[in-house]
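Below, each chain spelled out in residue letters.
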There are 2 protein chains.
Amino acid sequence: MMELEISNQELSQLADEAIDLAKAYWASLDHRPSYPTTSGEQTAALFSRPWAEEGLGGSVLQDFKLITEHARPSTGRFFGYVAGSGEPIGALGDLLASVLNQNVGAWRSAPAATTIERAVVGWLAEAVGCRGFTGSLCGGGSTANLMGLAMAREAKLPANETGASRCVVYASEQVHMSVPKAVALLGIGRQNLRLLPVDNAFRLRPDALQAAISADRQAGNTPIAIVATAGTVVSGAIDPLGAIADTARNEGLWLHVDGSYGGLAALAEPQKLSGLAHANSLSVDPHKWLYQPIDCGCLLYRDPQVARATFSHTDDYVRILSDEPTEAFAFFEESVELSRRFRALKLWLSLQYHGRMAFREAIVRDLRHARLLADMVSAHPDLELLAPVSLSAVCFRHRARDNHALLKRVIARGHVFLSNATIHGQFALRACFVNHRTTGDDVRAIVSEVVAAADELDG
Amino acid sequence: MMELEISNQELSQLADEAIDLAKAYWASLDHRPSYPTTSGEQTAALFSRPWAEEGLGGSVLQDFKLITEHARPSTGRFFGYVAGSGEPIGALGDLLASVLNQNVGAWRSAPAATTIERAVVGWLAEAVGCRGFTGSLCGGGSTANLMGLAMAREAKLPANETGASRCVVYASEQVHMSVPKAVALLGIGRQNLRLLPVDNAFRLRPDALQAAISADRQAGNTPIAIVATAGTVVSGAIDPLGAIADTARNEGLWLHVDGSYGGLAALAEPQKLSGLAHANSLSVDPHKWLYQPIDCGCLLYRDPQVARATFSHTDDYVRILSDEPTEAFAFFEESVELSRRFRALKLWLSLQYHGRMAFREAIVRDLRHARLLADMVSAHPDLELLAPVSLSAVCFRHRARDNHALLKRVIARGHVFLSNATIHGQFALRACFVNHRTTGDDVRAIVSEVVAAADELDG
C-alpha cells in the first residue's frame, strides 16, 4: 500500500534540499533581472501538466529553479505597485507556521499561536498610534477593508438578519478598488458609494464630503460610513483624517481608514498619521510596509463587540466550552475566516529579530528614496513630476514620449521595474518604495533607465 | 544606521537553525501528547510582550520550542473538527512560497506561480469529477463558500451595482456555519436562508426543498440558490446531489456545493460523489482531505464569466496591458483577494512528490478507520453510535456518563483528541479522520481512552 508518510531520514534530506534552494535564491537576488524573460506560451509549456498517478519523489524540488526563472524577484529594483520585499526571517516564520500547522481560529485550537497573534496585533496597533485597538491578521487589504465595512454596516444599519437596507458610503475618487469591491460584495451596491472629489494633492475634500452627506440626508438616504485613505495607492496621499473624523462624529457615521499602504508609515512619521486613532476600523498591511512575505494584512478596531456582532455565527461543533476569557477567545468570532493560518509567527520572528528601530529606519529610508527620486525627476528637463510625494509613491512622466511604450521598454530592459497609474487622465510612470533591499544607486537607476529607454524609443 | 538586510552568512545560519527546528518537531510528533498542558494564564505570561526597540537577533528562534509546548500537534491521534495533518512536503512548499514572495494576483505579477495555480486547480477539478471547471485557491471553506454565494447572487439577481434585493437561499439544517455567515455578509440576511429538514441520515430532503421553493414563489419571494453539502461537518452526510441538481435546474437556481470537508473524497469514492459535477460552484479544501498545511481552500466553478462579473472591479493602476490571453489572466478579477499568496506551490510539490495514487490510498485508509471505529462503538455495550457513517466522521456517546464531562476527561488524559457535536439534541463525542499519520492502533485507542476516561469519572 502507498503511504504518504515519509521516513525521518528522507524528510531530513528533503528539508535540507529545500533550505539550500532558499539560501541560493536569496543569495542570487542581487543578480536577477527585475522582470524575467518569459511568455504565456513558455509558462504554459513548462507548468501545465497532469497530476500523475505515481509520485515523482524528491526530484519535484528541482522545479523550484525553473519557477524562479519565470518569477518576479523581490530585488531592490522592483518598484511596481505596493510590493513589500519579503523579509527572509518572515519566510522562515512561514516555514515554521506550516510545520506547526496550527488552526488559529481560537485559543482552544492553538493556545500559543492565538496568544501570539493577539500580542502582535497589539504591536501593530501601538505602532500606528492606536493603542487599545484589537483586531486580527488576514490575507491583505482587500479582506481587511471588506471586514471593516461589514462592521460599519452592522454597527449602523444591521443587515445580518434581515438583509442589507439601502445606505450610503463615502470615499474619495482615489479610494482603492477593494472598497467598491467590498461595497458590492456586502450588498450595499456600488451606486451607493459616493466617490468624492479631491484637492490638488489628491486628498478627499472635507467640504465635498459634508456637502454629499447633507445632500443624501435631504434626499432621504441613509449615510453609514466614511472610508478615508491613509496612503492612496496612486500617489500616497493621506486624506485629512482629523477633519473627516469630525464629520464622522458629528454625523454619527463609522470611520474606516484604509491604511493598507500608508498606515504603518506611522512608525516613522507619527505626526503625519496621528489621525489614524480616530478610526473605528483601520486596515494596515504588514506584507507591504513591514516587508513581510505575502500574505499578511491586518484589521484593527476600537470595539471588539462590533466585530463579534458582525462575524459571530457559531455552530455547536466548534462552541467554546471554557469560561476563562483568554481560553474562550475565538478569532473566528471576530473575522471572516474559520480555519486561520498562523500568520503571526512571521511577524513574531521578523519583528523581534530586527527590533522596532530597524523597521522604523527602513521606512525612513523608503521615504528618503521617494524624495530623492522626486528631486531627480524635477531636476531633469525631460521628466515631469505628476503628483506631490506624501509617502513613498512617485508618479512622473517623460514629456516627449508615449509613456505607455516607454514603460514597456523600461520593463523589457530588465534593470528596474516600474508600474503605471493615471493622473488627471495622463498615463504616468509610477515607482513605490516599500523595499528594504533598495539602495540609493537603485533609485538613481530609475532615472537613468527611463532616460535610456526613452533614447531607445527615439532611435 | 540600522539595517533590515542580513548577510548571506548570517541568513544561512538562521535558515539552518529553522530547518533543524522543523526536523526535530516532525521527528517528535509521535511522542507528543494530543493536547498540551497549558492555560490562558500560562500562554499570556509567555507570549504577551512588547515589541522591543532593539532586535533580539537569532535567539528569537528559540521561541519556537516554547510555542510547540503550547500548541496542538498534528499527531495521528488528533481527531477533532476536520483537521488535516499538515503534510511536510507541503510545509516545505510554504517555505519556498514565502522565499519567492510572489503576488499571485495575475500572470503579469507572477508568471510561473499563476500558471501553476491554474494547473493545480485543474488537478483538483479533475480529482472531484469536474473536469473543465476552473477556479482559484483561497484561505479555506469560509471564503470559498462566500465567493460561491456571491457568484450565485450576481448570476441570478445582480447586486454589485444596485445593492442586494430580497432573495432566498436554501440549505439543510446541517449546513456549515460559514453559509449563514456568508449570507449575512452578502446582505441577503440570515432570515432569508431556509434551513430545511433532513432525513434520518442527515441529508437534505428533496421533497422539503421543493416544497420550500414553491412556498416562497407563492409568497412572492425570489429564490436564487441552493447550497448542497458533500460531507456535513457533524456526521459527514452527503446531500442527494442528483435530486437537488434536478430541482436547481427546473427552478433556474444556482447550485453551490459545499464540499469543504467531503469533496476531495471523490478521489477514493467517485460514485458516492458523482453529483459534484452538477454544481455551478463547488468548495473543496486541500488543507482538509489533501492533508495540506493551513491555509489552502479552493472554489471551483463552471463559468468563469460569472466569477468575473462578480469580482472584477479593476483600477487603472493594475490594469493588464497585454492582449495575449494567458498573460492577461488575473486571479484578482475572479476572486476576493488582490494580493494573493502562492498557495499552489505546496500542492504542486506535495501532490507530485507522492502522486495521486498515494493520496487516494490515504483517503481510503481514513474511510476504513472511520468504519473501524463505528464497528467498535457498535460492538461495545457502553457506547452508542449516533449517526450513520457516510465518510470519515463518527459521532457516538457513552450511554451512562455525562458526555461533556467525559470529553473533557478524554482530552485531559492527552492520548487522543476528540471534539463534540450535537445530534438530535444530545451531546456527542466526535472523531474525524483526515490524517495520513493515523494508524489502526490510533483508532483503537479512541475506544480504550473513552472507556478509561469513563472509568475515571465513575471512580
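If you're wondering where the values come from, they're calculated on a predicted model, not measured in any experiment. (Residues numbered from 1 in each chain as written. Chains lettered and ligands numbered in written order. Predicted model: local features only at pLDDT ≥ 70, side-chain atom pairs only at ≥ 80, totals over all residues. Heavy atoms only, no water.)

Enquirer: Describe the pattern of salt bridges, naming the residues involved and giving the relevant values.
Expert: Counted by the stated rule, this structure contains 60 salt bridges over all chains. In this structure, Lys288(A) engages Asp285(A) in a salt bridge whose closest nitrogen and oxygen atoms are separated by 2.4 Å. Per residue, the accessibility class of Lys288(A) equals that of Asp285(A), and both read buried. Taken together, the shared-partner salt bridges in this structure form one network comprising Glu117(A), Asp295(A), Glu337(A), Arg340(A), Arg343(A), Glu117(B), Asp295(B), Glu337(B), Arg340(B) and Arg343(B). (Salt bridge = Lys/Arg side-chain N within 4 Å of Asp/Glu carboxyl O. Buried < 20%, exposed > 50% of the residue type's maximum accessible area, 1.4 Å probe, protein only.)

Enquirer: Outline the interface of chain A and chain B, supporting the account with residue identities and numerical values.
Expert: Interfaces are often described in size by the accessible area the parts lose on coming together. Contacts between the two partners involve 159 residues from chain A, matched on the other side by 161 residues from chain B. The tally of links from chain A across to chain B stands at 14 salt bridges. Ionic pairing is found between Asp94(B) and Arg341(A), a salt bridge with its closest N-O pair at 3.4 Å. Our count for the chain A to chain B interface comes out at 79 residue pairs in polar contact (both at pLDDT 80 or more). In terms of residues, the side of chain A that touches chain B owes the most to one element, helix H1 (residues 8–28) of chain A, which gives 15 residues. Per-class residue counts for the side of chain A that touches chain B are 78 nonpolar, 47 polar and 34 charged. (Contact = heavy atoms within 4.5 Å. Polar contact = N/O pair within 3.5 Å; in protein donor to acceptor, adjacent residues only side chain to side chain. Helix = DSSP H or I, 4+ residues; strand = E, 2+ residues; numbered from the N terminus. Nonpolar A, V, L, I, M, F, W, Y, C, P; charged D, E, K, R; others polar.)

Enquirer: Explain helix H15 (residues 403–413) of chain B residue by residue, including any values.
Expert: Residues and elements named next belong to chain B. Considered for burial, the residues of H15 that qualify are Asn403, Leu406, Leu407, Val410 and Ile411. The buried residues of H15 occupy an angular sector of 135° when the element is viewed end-on, so they sit on one face. On the buried face of H15, the contacting elements are strand E9 (393–398), strand E10 (419–423), strand E11 (426–432) and helix H16 (440–458). Structurally, the start of H15 carries an N-cap: the backbone nitrogen of His404 is 2.9 Å from a side-chain oxygen of Asp402. Downstream of H15 by one or two residues, Gly414 has phi in the positive range, about 80°. (Arc of directions from axis to C-beta.)

Enquirer: I'd love a proper account of the confidence of the model for chain A, names of residues and values included.
Expert: Mean pLDDT over chain A stands at 96; residues scoring 70 or higher make up 98%. Confidence estimates for the predicted assembly give a pTM of 0.98 and an ipTM of 0.97. (pLDDT = per-residue confidence, 0-100.)

Enquirer: Before we move on, can you summarise the environment of Leu124(A) with the specific residues and values?
Expert: Residue and element names in this part refer to chain A. Tracing the backbone through its elements, the reader meets Leu124 in helix H5 (residues 111–127). Separated by 241 residues in sequence, Leu124 and Arg365 have C-alpha atoms that sit 20 Å apart. Excluding its chain neighbours within four sequence positions, the residues that come into contact with Leu124 are Leu137, Leu264, Pro286, Leu290, Cys298, Leu300 and Leu347.

Enquirer: Describe the UniProt feature "modified residue: N6-(pyridoxal phosphate)lysine" (unreviewed entry) in chain A, and please don't skip the residues or the numbers.
Expert: Residue and element names in this part refer to chain A. Feature annotation in UniProt places "modified residue: N6-(pyridoxal phosphate)lysine" (unreviewed entry) on Lys288, given in this structure's numbering. Within the secondary structure, Lys288 is located in helix H10 (residues 286–289). You can call Lys288 buried: its relative accessible area is 12%. (UniProt positions renumbered as here; feature names shortened; annotations may be inferred.)

Enquirer: So what's going on with the relation of the copies chain A and chain B? Residues and values would help.
Expert: Rotating chain A by 180° and translating it 0.0 Å along the rotation axis places it on chain B, where the RMSD comes to 0.0 Å. One copy is carried onto the other by what is essentially a two-fold rotation axis. A shared interface surface links the copies, since 100% of the contact residues of chain A are contact residues in chain B too. (Least-squares fit on C-alpha atoms with pLDDT ≥ 70 in both.)

Enquirer: So what about the pairing of E11(B)? Which residues, and what values?
Expert: Walk down a regular strand and you will see the side chains alternate between the two sheet faces. Residues and elements named next belong to chain B. Summarising burial for E11: 5 of the 7 residues are buried, a large majority. Across 5 bridges, the pairing between E10 and E11 is antiparallel. Bridged to Ser419 within E11 is Arg430. Between E10 and E11, which pair antiparallel one after the other, the connecting turn spans 2 residues, and His424 there sits at a positive phi close to 45°. (Pairing = 2+ DSSP bridges.)

Enquirer: Describe the sheet that holds E10(B), listing the residues and the values that go with them.
Expert: Sheet strands line up and pair through hydrogen bonds in the backbone, either parallel or antiparallel. All names here are of chain B. Pairing in this open sheet of 4 strands is antiparallel, and the strands run E8-E9-E11-E10 from one edge to the other. For this open sheet the edge positions go to strand E8 (383–385) and E10, each flanked by a neighbour on one side alone. Sheet twist, expressed as the mean angle between neighbouring strand axes with direction ignored, is 45°. Packed onto the sheet, H15 meets E9, E10 and E11 and runs at close to 30° relative to E11. (Axes fitted to C-alpha atoms, helices over the stretch in contact; angles between N-to-C directions.)

Enquirer: Account for the packing of aromatic side chains, with residues named and values stated.
Expert: Any aromatic ring pair is given by two values, namely how distant the centres are and how the planes are angled relative to each other. In total, this model carries 24 aromatic pairs over all chains according to the counting rule given. Between Phe79(A) and Phe433(A) the ring centres are 5.2 Å apart and the planes differ by 55°, which places this aromatic pair in the tilted class. With a gap of 354 residues between them, Phe79(A) in the loop between helix H3 (63–69) and helix H4 (88–100) and Phe433(A) in the loop between strand E11 (426–432) and helix H16 (440–458) connect regions that are remote in the sequence. Of the two residues examined, Phe79(A) and Phe433(A), each falls in the buried class. A ring pair is formed by Tyr25(B) and Phe64(B), whose centres lie 6.1 Å apart and whose planes are at 75°; its orientation type is edge-to-face. In this pair, Tyr25(B) sits in helix H1 (residues 8–28) while Phe64(B) sits in helix H3 (residues 63–69), placing the two residues 39 residues apart along the sequence. Residue Tyr25(B) shares its accessibility class with Phe64(B), and that shared class is buried. One aromatic cluster is present, built from ring pairs that chain together Phe47(A), Trp51(A), Trp123(B), Tyr291(B), Trp348(B) and Phe359(B). The ring of Phe329(B) carries Arg118(B) above its face, with NZ or CZ at 3.7 Å from the centroid. (Phe/Tyr/Trp six-rings, centres within 6.5 Å; stacked < 30°, edge-to-face > 60°. Lys NZ or Arg CZ within 6 Å of the ring centre and 35° of its normal.)

Enquirer: Run through the sheet that holds strand E7 (residues 297–301) of chain B, naming residues and quoting values.
Expert: Residues and elements named next belong to chain B. Within the open sheet, the 7 strands sit side by side as E1-E7-E6-E5-E4-E2-E3. Their pairing is mixed. Strands at the two margins of the open sheet, each flanked by one partner only, are strand E1 (134–138) and strand E3 (193–196). With direction set aside, neighbouring strand axes in the sheet form an average angle of 20°. In this structure, strand E4 (residues 223–229) lies alongside strand E5 (residues 254–259), joined through 5 bridges in parallel fashion.

Enquirer: Which residues make up the domain arrangement of chain A, and what are the values?
Expert: Annotation of chain A at the domain level lists domain 1 (9–31 + 39–67), domain 2 (93–354) and domain 3 (356–458). Using only C-alpha atoms to locate each centre, domain 1 of chain A and domain 3 of chain A end up separated by 33 Å. (Domains from an automatic or database assignment.)

Enquirer: Tell me about the pairing of E4(B), and name the residues and values.
Expert: Residues and elements named next belong to chain B. The buried fraction of E4 amounts to 7 of the 7 residues, a majority that puts the element mostly inside the structure. Bridging between strand E2 (residues 168–172) and E4 involves 3 bridges; their strand directions are parallel. From the neighbouring strand, Val168 faces E4, where its bridge partner is Pro223. Crossover E4 to E5 through helix H9 (residues 241–251) is right-handed. (Right-handed = clockwise from strand over helix to strand, strands pointing away.)

Enquirer: For the side chain of Thr114(B), give the residues involved together with the corresponding values.
Expert: Residue and element names in this part refer to chain B. Assignment of secondary structure puts Thr114 in helix H5 (residues 111–127). Residue class for Thr114 comes out buried when judged on its relative accessible area of 1%. Looking at Thr114, its side chain comes within polar contact range of the main-chain nitrogen of Trp107, at 3.5 Å. For Thr114, the residues in contact, after removing those within four places along its chain, are Val104, Ala106, Trp107, Phe329 and Phe331.

Enquirer: A description of the packing of helix H6 (residues 141–156) of chain A against helix H7 (residues 178–185) of chain A should follow, citing residues and the corresponding values.
Expert: Residues and elements named next belong to chain A. Where H6 meets H7, the closest approach of the two axes is 9 Å, and the angle between their N-to-C directions is 50°. One way to sum up the angle between H6 and H7 is to call them oblique. Between H6 and H7 the crossing geometry is right-handed. Between H6, through Gly141, Ser142, Asn145, Leu146 and Leu149, and H7, the contact on the second element is made entirely by Ser178, Val179, Ala182, Val183 and Leu185. A class-by-class count of the residues in the contact of H6 with H7 yields 6 nonpolar, 4 polar and no charged. (Parallel < 35°, antiparallel > 145°, perpendicular 65-115°, else oblique. Left-handed = near helix turned anticlockwise from the far one by under 90°.)

Enquirer: Describe the environment of Leu276(B), and please don't skip the residues or the numbers.
Expert: Residues and elements named next belong to chain B. In this structure, Leu276 sits in the loop between E5 and strand E6 (281–284). Leu276 gets classed as buried once you look at its relative accessible area, which sits at 0%. Measuring from C-alpha to C-alpha, the distance between Leu276 and Asp258 comes to 9.5 Å, with 18 residues separating the pair along the chain. Every residue in contact with Leu276, bar those within four places of it in the chain, is listed here: Val128, Cys130, Ala230, Leu241, Val257, Gly263, Ala266 and Leu282.

Enquirer: I'd like a description of the packing of H5(A) against helix H2 (residues 40–47) of chain B, backed by residues and values.
Expert: Running from N to C, H5(A) and H2(B) cross one another at 50°; their axes reach a closest spacing of 9 Å. In terms of their interaxial angle, H5(A) and H2(B) are classed as oblique. As H5(A) packs across H2(B), the resulting crossing turns out to be right-handed. Here Pro111(A), Ala112(A), Thr115(A), Ile116(A) and Ala119(A) of H5(A) lie close against H2(B), whose contacting residues are Thr43(B), Ala44(B) and Phe47(B).

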